[in-house]
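Next come the chains, spelled out residue by residue.
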Amino acid sequence: RCPGCCRTLLKRFIAPAGERYTKVQPAKCCLSDISIDPIGPVNLRNHTNARRATLQCFILVIGCQHTGAIILTVAGAVTSDAIILALKSSEMSYNKSFERIYADAGTSLSSALLQSKHRNWTVSQHPSFAHHRVYVESRIKSVKVIFNTFMKKYSRENRITVPITIFELCFLCSTIQNQIN
């Protein structure tokens, strides 16, 4: 199970069962240690009467390592600035301060781009063969089942999603979040 196999054989790749650093410190504060991963792109319409989708955005899934709770927030892109903006808005929305962030080895989620002396979190990246350590990866599967049901897509279908507005996407994210939590 080398990193190359993870990239080329995604359909048949199964994350090996191993040590998970989740739910091991129940006394810790909720959402202090999180794992993040983006889903997308999601096609958006500019306004309600538009026929075509002209915008694309991503859903950032934030999972608490200690309680298993998830947050779904909308990110404009998969750039480091958009991810930081989504993380900061989630911190402000839930009045929590993220201390440690765990992510997989994505370019926009690198610790060099997300860490700064102005932000009080530490970013740890796990290599591509250690998906079992990033807790949110297992929660994304539940999110995708509900999302694909709404979009009338099958799990392995490469069809474009139904174009919705940003308000419908925010409502859909909050509904899925409440359903899973």
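Note that this is a predicted model, so its numbers are computed, not measured. Residue numbering note: each chain is counted from 1, following its sequence as written. The predicted nature of this model means local features are confined to residues of pLDDT at least 70 and side-chain atom pairs, given and counted, to a pLDDT of 80 or more, with totals for whole chains, interfaces and linings taken over all residues. Note: side-chain values were computed over all heavy atoms of the structure, leaving out hydrogens and water.

**Q** What's the story with unusual backbone geometry in this structure? I'm lost.
**A** Residues other than glycine predominantly adopt negative phi, and peptide bonds predominantly adopt the trans conformation. Pro41 follows Gly40 through a cis peptide bond whose omega is 5 degrees. Of note in this structure, Leu31 is not a glycine but carries a positive phi near 65 degrees. Here a helix means four or more residues in a row that DSSP labels H or I, a strand means two or more in a row labelled E, and each is numbered from the N terminus. Turning to its location among the elements, Leu31 is positioned in the loop between α1 (3–8) and β1 (33–44). A positive phi angle, near 55 degrees, is found at Asn95, a position not held by glycine. Within the fold, Asn95 resides in the loop between α2 (80–94) and β4 (100–104). In this scheme, a residue with accessible area under 20% of its type's maximum is buried, one over 50% is exposed, and one in between is partly exposed, where area comes from a 1.4 Å probe on protein chains only. Asn95 gets classed as exposed once you look at its relative accessible area, which sits at 69%.

**Q** Would you explain the pattern of salt bridges in this entry?
**A** Once their charged atoms are close, side chains differing in charge can pair, the charge on each being opposite to the other. We count a salt bridge whenever a side-chain nitrogen from Lys or Arg sits within 4 Å of a carboxyl oxygen from Asp or Glu. Summed over the entire model, instances satisfying the criterion amount to four salt bridges. When the shortest N-O distance is used, the salt bridge between Asp33 and Arg100 registers 3.1 Å. Placement of Asp33 in strand β1 and of Arg100 in strand β4 is noted, with a sequence separation of 67 residues between them. For Arg100, a relative accessible area of 27% puts it in the partly exposed group. Among the salt bridges present, the one from Glu99 reaches Arg100, with a minimum N-O distance of 3.7 Å. On the basis of relative accessible area, Glu99 is assigned to the partly exposed category, the value being 34%. Ionic contacts of the salt-bridge type, sharing partners, join the residues Asp33, Glu99 and Arg100 into one network.

**Q** In this structure, what is going on with the sheet that holds strand β5 (residues 122–126)? I would like to understand it.
**A** Here five strands make up an open sheet; going across it, the order is β3-β2-β1-β4-β5 and the pairing mixed. For this open sheet the edge positions go to β3 (70–75) and β5, each flanked by a neighbour on one side alone. Ignoring strand direction, the axes of neighbouring strands in this sheet form an average angle of 30 degrees. Whether two residues touch is decided by their heavy atoms; if any such pair falls within 4.5 Å, the residues are in contact. Note on geometry: axes are C-alpha line fits, over the in-contact stretch for helices, and angles between N-to-C directions span 0 to 180 degrees. Across the sheet, α2 touches β1, β2 (55–64), β3 and β4, and the angle it forms with β3 is around 130 degrees. Packed on one face of the sheet, helix α5 (residues 166–180) meets β1, β2 and β3 and runs near 165 degrees to β3. Only strands that DSSP links by at least two bridges are regarded as paired with each other.

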